[in-house]
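Listed below are the residues making up each chain.
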Amino acid sequence: MANLNVTVRYSGIDFPGHLHTLQSLQYAQEFKFHETDTVIVTYPKSGTTWMQEILTIIYSDGNVLPAKTIPNWIRAPWIEHYYCKDALMNKPDHRILTTHLPYRFLAKPLKQSNAKVIYVARNPKDIVVSFYHFHKMANFLPDPGTFGEFLEKFKTGEVNYGSWFEHIKEWQKHSDEYNSFFITYEDLVKDLRKSILRLCNFLEHPLLPEAVDTTVWHCTFANMKKNKMINYTLIPNEILDHQKGEFMRKGMVGNWKEHFTQEQKQDFEKTFQEKMSGLNIVLVSTL
Ligand code: PPS
């Protein structure tokens, strides 16, 4: 399926028709979670791929073979993507699933399940920069225009996948309704080993010290950037234009400083304060 110029609007949100159909979004809303499932929840560009790689290696007890031989979208498919049903065919238990959907789409099936849900959050100023660059190379996303134009759309939520503000607020507001674990991209950057140990604890999947070492080593930015099963270089140029950018782009905290003007920074932080007041989580928003 290419459908590069198709947008699917569902429940007030635009999704790229290259990966989503009305049927696939309905399938997600009725998803049958298993008790042993682990679900990665992210707004795009928050550390999804990083968490897919970390969980793959944790669940294979430090064996990197699956991470080096199976593309990430097969080993940790997005519930809402059209190919998910096929990818999960014959999958044993302990499935790793991924989603960018807002909470309301999955509220019903998640409430009925004890699946483990890992929400990965990231400083939104770095998200918008990463998302902007991704739009430039992804032929299934609209032309983002200038960075300033894209930033305005991001603030109002008029982008594919909807509003970042609503995404994080909805998931956090309802976090007592599912088996939840919260971690940030900045936590991973700051101390990957400690983050992996926290994850092992939540997953009730302890690792031997050597397996922790392997997971840390394999999941560094430099090593993931080289792994074609996760760096998206397997995707043809027609879909992801590798001349226009790299999926594994900078991998750092605070790259927004090279993109935001002082005025954009102040304006974004004002919007952040207005929209996020009352949310009881610590986000490295002003780094
Ligand atoms: S997507 O398209 O939603 O699945 O993208 P996502 O994986 O959520 O986010 C992509 C950004 O994550 C960075 N990344 C990493 N940073 C540090 N270390 C590791 N190991 C790592 N893996 C992925 C990736 O480079 C994108 O961020 P930017 O800022 O664009 O570099």
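Just above, that's the structure.
For the structure given in this document, a descriptive report is provided here. As the structure is a computational prediction, the values presented were derived from the model and not from experiment. Each chain has its residues counted from 1, following the order in which its sequence is written. The model is predicted, so local features are restricted to residues of pLDDT at least 70 and side-chain atom pairs to those at 80 or more, both for listing and for counting; the totals for chains, interfaces and linings are taken over all residues. Note that the side-chain values use all heavy atoms of the structure and ignore hydrogens as well as water.

Comments concerning helix H12 (residues 209-218)
Here the term buried applies to any residue with accessible area under 20% of the maximum for its type, exposed to any over 50%, and partly exposed to those in between, with areas from a 1.4 Å probe on protein chains only. Runs of E in the DSSP output that reach at least two residues are strands. Runs of H or I that reach at least four are helices, and both are numbered from the N terminus. Inspection of H12 places Ala211, Val212, Thr215, Val216 and His218 among the buried residues, and these make up the whole buried set. Against helix H2 (48-59), helix H3 (65-69), helix H11 (192-203) and helix H13 (221-226) lie the buried residues of H12. Contact between two residues is taken to exist if any of their heavy atoms lie within 4.5 Å; hydrogens are not considered.

Things to note about the side chain of Glu80
For Glu80, the position within the fold is in the loop between helix H4 (72-75) and helix H5 (84-88). By the counting scheme adopted, Arg and Lys are positive, Glu and Asp are negative, and His together with the chain ends is not counted. In the sections that follow, a salt bridge refers to a side-chain nitrogen of Lys or Arg positioned within 4 Å of a carboxyl oxygen of Asp or Glu. For the buried residue Glu80, which engages in no salt bridge, the nearest side chain bearing the opposite charge is Arg104, 13 Å off. Two N or O atoms form a polar contact when they lie within 3.5 Å of each other; inside protein one atom must be a possible hydrogen donor and the other a possible acceptor, and for residues adjacent in sequence the pair counts only when both atoms belong to side chains. Polar contacts involving the side chain of Glu80 include one to the main-chain amide nitrogen of His100, which spans 2.7 Å. In this structure Glu80 touches Leu19, His20, Ser24, Leu25, Ala28, Thr98, Thr99, His100 and Leu101, once residues within four positions along its chain are discounted.

Observations concerning the site of the ligand
Being near a molecule or strand, for a residue, means having at least one of its heavy atoms within 4 Å of it. Taken together, the neighbourhood of the ligand is formed by 21 residues, with Thr48, Thr49, Ser130, Tyr185 and Lys250 sitting nearest. Here Thr48 contributes a side-chain N or O atom positioned 2.4 Å from an oxygen atom of the ligand. One nitrogen or oxygen atom from the main chain of Gly251 is found 2.8 Å from an oxygen atom belonging to the ligand. Within the complex, the protein chains bury 97% of what would otherwise be the 640 Å² of accessible surface of the ligand. Of all elements in the fold, only H2 and H13 reach the threshold of two or more residues within the shell around the ligand. Examining the composition of the shell around the ligand, we find that three residues originate from one element, H2, more than from any other. Residues are grouped as follows: Ala, Val, Leu, Ile, Met, Phe, Trp, Tyr, Cys and Pro are nonpolar; Asp, Glu, Lys and Arg are charged; all remaining types, including Gly, are polar. Tallied by class, residues from the shell around the ligand come to nine nonpolar, eight polar and four charged. For accessible areas, the Shrake-Rupley method is used with a probe of radius 1.4 Å. Any residue's cover is judged against the shown protein chains and nothing else.

Considering the pattern of salt bridges
The tally for this structure, following the rule as stated, stands at 16 salt bridges. Glu204 is the salt-bridge partner of Lys116, the closest N and O atoms lying 3.1 Å from each other. Here Glu204 lies in the loop between H11 and H12 and Lys116 lies in strand E5 (residues 116-121), a separation of 88 residues in the sequence. For Arg198, the salt bridge identified is with Asp187, shortest N-O distance 3.7 Å. Residue Arg198 is found in helix H11, and its partner Asp187 is found in helix H10 (residues 185-190); the two are separated by 11 residues along the sequence. Overlapping salt bridges, with partners in common, bring together Lys125, Lys265 and Glu269 in one network.

Concerning the pairing of strand E3 (residues 38-42)
Burial analysis of E3 places five of its five residues in the buried class, the great majority of the element. Burial along E3 is two-sided: the face carrying Thr38, Ile40 and Thr42 and the face carrying Val39 and Val41 are both buried. Pairing between two strands requires that DSSP report at least two bridges joining them. Pairing of E3 with strand E4 (residues 96-99) involves four bridges; the strand directions are parallel. If you follow Val39 over to E4, its bridge partner there is Leu97.

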